[in-house]
Amino acid sequence: MYYDHFVLPFTIGLNVLIIFLIVKYIRWIRTFSRQEKKLILKGMFTVKTLKAIKETFLESLVHHKIFRTNPFLGYMHMCFALGWFLLIVMGKTESMVYHTSALNPPYFAIFFRYFHPANETFPYSNVFAFIMDLILLFILSGLFLALAKRISSRIVGLKKATRHRPLDLLILTVLWLIFPLRFLAESFTSGLRGGGSFLTHTAGDAFSTLLPLDALSYPAWWAYSSALGLFFLLLPFSRYMHIPTEIVYIFLKNWGIRQGKTFNAFSEIQVYSCSRCGICIDRCQLNTSLGLNDTQAVYFLKKIRHGRDYSVQQENCLMCGRCEASCPVDLRHNALRLSKRPDLIRITKDTYNYVKPLSFTPAKVAYFAGCMGHLTPGVIRAMRLLFQKAGVSYTFIDENGGVCCGRPMLLSGNQNAASVIVEKNKAILEASKAEILVTSCPICYKTFKEEYGLQMQVMHHTEYIDYLIQQHYLIPRPSEWRTVFHNPCELGRGSKVYAAPNRILQAVSQKINTPYDDENSLCCGGSLANTYISGAQRHRISTDALRIYTSYQPDVLVTACPLCKKTFAKKPDAIPVKDIAEIVAETC
């Protein structure tokens with residue numbers, strides 16, 4: 001049996017970590033509802049598990065999303081994650097070939113170069129030595145980038161990097177020491193006994209001429225083992241808890257577990273899955289426009305985890321979803337914030353007795369303008385004209401007033417009050433007997449689709465106009481207008497409606513493609529979700545967004561949200577801002 005006392009720090013640390021993780025995850029999952037547990041059992045033996053394995057490889061090891069956002073940062077993270085994984089897999093494979101058996105202790109593969117005499121050959125020993133040196137060099141190159149990032153985050157393309165607690169700095173230092181210590185231990189041993197390959201063997205020969213390797217080799221293995229053991233012991237109490245937890249999160253979400261309206265065990269799993277990569281900081285317009293860099297998702301989740309006051313962070317958020325779209329772990333940041341907002345407002349059904357019972361003309365299509373739609377009458381006029389030109393018989397649900405869809409209440413955390421509004425509106429909508437509900441407001445659209453459980457089809461007016469054009473009920477003529485499209489937060493990132501508005505604008509104008517299309521769209525600043533910033537700060541956000549969009553020199557800035565149109569139009573010296581319905585109405 002191959003054994004030496006220096007393996008004890010590694011072995012103890014690894015076993016303590018495994019026991020801690022098993023207990024922690026079982027405690028979390030035990031609190032799941034019966035329905036959630038059924039979803040897990042049902043999803044385990046399906047293609048969903050294969051999808052989870054694929055996502056784990058792409059996001060936890062290769063860091064595919066980080067690569068798309070920032071190649072340098074993606075490479076750095078991949079070096080540590082994929083590199084360490086490959087060291088373990090190839091090391092275990094090497095030890096199995098050497099022993100011709102899988103039955104060897106975990107530490108044997110980790111410290112193989114110590115236990116394997118250099119003059120003892122086995123099948124493909126030189127190939128294994130080369131591959132292991134190559135992987136180690138790969139990891140060390142990532143470590144170099146990590147050190148550069150600590151000196152200046154701009155080196156790897158980040159304007160802002162996350163701030164660390166002393167404990168996080170300690171374990172970060174330990175992590176950075178692990179692989180240089182492995183390099184030194186293997187190189188010192190190679191310099192004494194031979195073995196290794198292009199990296200460790202060459203370094204060992206160089207070290208042998210400069211250092212007393214017989215006195216340094218054994219302590220180097222102790223140092224390497226101790227660094228590993230200390231990292232494992234500190235991991236549960238540091239941000240590196242995300243390494244195992246994000247894998248659990250990926251499997252759970254693929255099996256159908258979703259973040260609800262309340263903060264629960266699944267919410268905690270998401271909190272612990274945050275890697276604090278800092279990508280959300282640069283994506284947040286509260287940072288880029290206002291210089292506020294302590295309220296982003298990474299800091300909100302950090303404060304929850306460490307039991308610190310997060311009252312400012314829970315309110316100071318646009319809920320635009322830009323952080324969600326760029327999150328490499330796909331955490332549900334908006335839902336997590338909402339789950340922490342207090343449910344304070346109490347209303348009853350009697351609150352809305354002022355809304356008189358409505359009578360409807362039977363029609364297949366019902367139109368709901370929404371609160372902001374009534375504040376931008378140009379959008380309503382355009383929709384009336386388009387309905388008329390397409391020969392659509394429709395019922396205007398809130399033509400003479402109505403009740404808010406409930407989204408503002410939901411965004412402020414007042415779930416009970418929102419449920420009363422939903423019940424009131426649902427009865428009105430279903431009384432129309434319509435088959436299709438069309439709304440001009442993305443806020444209403446998202447709420448009707450997700451909260452109401454309607455039997456009718458819900459369409460945003462971009463989707464409905466696109467349908468009318470595709471079916472030739474509307475035949476718009478192409479114009480010479482150069483347009484830039486601002487996809488509203490609740491429509492694009494919130495509801496994944498991208499194709500319809502793009503097709504419409506390509507049909508009726510000369511659409512300019514920008515880096516801020518689709519999921520990269522900017523928030524207009526008029527968000528109903530932020531209850532913390534001032535009107536002047538909102539104006540600065542909208543001014544910055546407008547400046548970016550107009551820098552592409554369009555004739556018209558087009559949006560698909562009455563609130564966004566109203567927000568952008570507050571700057572009188574800017575270019576014309578129109579809703580997409582108005583553009584189509586003018587070209588038909």
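Before any of the text, the structure's been laid out above.
Quick summary incoming for the structure in this document. Numbering of residues starts from 1 in every chain and runs along the sequence as written. Two thresholds apply to this predicted model, a pLDDT of at least 70 for residue-level local features and 80 or more for giving and counting side-chain atom pairs, whereas whole-chain, interface and lining totals are computed over all residues. Side-chain descriptors were evaluated using all non-hydrogen atoms of the structure, hydrogens and water having been removed beforehand.

Some details on the overall build of the chain
For the purposes of this entry, the term helix denotes a DSSP run of H or I that reaches at least four residues, the term strand denotes a run of E that reaches at least two, and both are numbered from the N terminus. Per the secondary structure count, the chain includes 29 helices and eight strands. Overall, the C-alpha framework of the chain stretches about 90 × 55 × 45 Å when taken along its three principal axes. Any two residues whose heavy atoms approach within 4.5 Å at even a single point are treated as in contact. Relative to all contacts within the chain whose residues are 6 or more apart in sequence, the contacts with residues 24 or more apart total 73%. Computed with the Shrake-Rupley method and a 1.4 Å probe, the accessible areas treat only the protein chains shown as cover for residues. Carbon and sulfur atoms make up 61% of the accessible area of the chain, which amounts to about 26100 Å² in all.

Concerning the sheet that holds strand E1 (residues 365-368)
The parallel open sheet is built from four strands, whose spatial order is E2-E1-E3-E4. Looking along the sheet, the strands with just one partner apiece sit at the ends: strand E2 (394-396) and strand E4 (457-460). Direction aside, neighbouring strands of the sheet carry axes that sit 25° apart on average. Two strands qualify as a pair provided that DSSP identifies no fewer than 2 bridges between them. Two elements, E1 and strand E3 (residues 436-439), share four bridges in a ladder whose sense is parallel. Note that in E3 the partner of Phe 368 across the bridge is Thr 439. Only the stretch in contact is used when a helix axis is fitted, and all axes are lines through C-alpha atoms; the angle between N-to-C directions ranges over 0 to 180 degrees. Helix H25 (residues 461-470) contacts E1, E3 and E4 of the sheet and is inclined by roughly 95° relative to E4.

Structural notes on the sheet that holds strand E8 (residues 577-579)
Spatial ordering of the open sheet is given by E6-E5-E7-E8, a layout of four strands whose pairing is parallel. Where the open sheet ends on each side, the last strands, each with one partner, are strand E6 (510-511) and E8. Bridge count for strand E5 (residues 482-486) against E6 is two bridges, and the pairing is parallel. Note that in E6 the partner of Thr 483 across the bridge is Lys 511.

Some details on the pairing of E1
Strand residues, when the strand is regular, have side chains that alternate between the two faces of the sheet. For each residue, the accessible area found with a 1.4 Å probe, counting protein chains only, is set against the maximum for its type, and the residue is called buried under 20%, exposed over 50%, and partly exposed in between. Burial along E1 is two-sided: Val 365 and Tyr 367 facing one way and Ala 366 and Phe 368 facing the other are all buried. Across three bridges, E1 lies against E2 in parallel orientation. By the bridge assignment, Tyr 367 is partnered in E2 with Phe 396.

Let's talk about the environment of Gly 526
With respect to the element layout, Gly 526 can be found in the loop between E6 and helix H27 (535-550). Taking relative accessible area as the criterion, Gly 526 reaches 15% and is therefore assigned buried. In the structure, Gly 526 is positioned 208 residues away from Leu 318 in sequence and 8.5 Å away in space, judged by C-alpha atoms. Those residues in contact with Gly 526 that lie beyond four places of it in its chain are Arg 538, Leu 563 and Thr 567.

Some points on a nonpolar patch on the surface
Together, Tyr 3, Leu 8, Ile 12, Val 16 and Leu 233 make up a nonpolar patch on the protein surface, roughly 420 Å² of accessible area in all. Per element, the largest residue contribution to the nonpolar patch is three residues, and it comes from helix H1 (residues 8-30). Structurally, the position occupied by Tyr 3 is in the segment before H1. Assessed through its relative accessible area of 41%, Tyr 3 is described here as partly exposed. Patch building starts from residues that exceed 30% relative accessible area and form no salt bridge, then joins like charges within 9 Å and nonpolar side chains (Val, Leu, Ile, Met, Phe, Trp, Tyr) within 5 Å. When a carboxyl oxygen of Asp or Glu lies within 4 Å of a side-chain nitrogen of Lys or Arg, that pair is called a salt bridge.

Some points on the environment of Gln 314
Examined against the element boundaries, Gln 314 turns out to sit in helix H17 (residues 311-315). The buried category is assigned to Gln 314, whose relative accessible area is 9%. Taking C-alpha positions, Gln 314 is 9.3 Å from Ala 297, a pair spaced 17 residues apart along the chain. Sequence-distant contacts of Gln 314, defined by excluding residues within four places in its chain, comprise Phe 300, Arg 337, Lys 340, Arg 341 and Pro 342.

What about a positive patch on the surface?
By the counting scheme adopted, Arg and Lys are positive, Glu and Asp are negative, and His together with the chain ends is not counted. Positions of charges follow a simple convention, taking NZ of Lys, CZ of Arg, CG of Asp or CD of Glu. The grouping of Arg 27, Arg 30, Arg 34, Lys 37 and Lys 38 at the surface amounts to a positive patch. Elements with a contribution of two residues or more to the positive patch: H1 and helix H2 (34-44). Here the positive patch takes three residues from H2, the largest share from any one element. Of note, Lys 37 is situated in helix H2.

Comments concerning the environment of Phe 45
Within the element layout of this structure, Phe 45 appears in the loop between H2 and helix H3 (47-61). The class for Phe 45 is exposed, based on a relative accessible area of 74%. For the pair Phe 45 and Trp 255, spaced 210 residues apart in sequence, the C-alpha separation works out to 9.7 Å.

Quick notes on helix H19 (residues 333-340)
By the criterion of burial, H19 is predominantly enclosed, with six of the eight residues buried. Taken together, the buried positions of H19 are occupied by His 333, Asn 334, Leu 336, Arg 337, Leu 338 and Ser 339.

Here we look at unusual backbone geometry
Its identity as a non-glycine residue notwithstanding, Tyr 124 has a phi of 60°, on the positive side. Mapped onto the fold, Tyr 124 is located in the loop between helix H7 (112-115) and helix H8 (125-151). Look at Lys 496: it is not a glycine, yet its phi comes out positive at around 60°. Here Lys 496 is to be found in the loop between E5 and helix H26 (499-508). Judged by its relative accessible area of 58%, Lys 496 is exposed.

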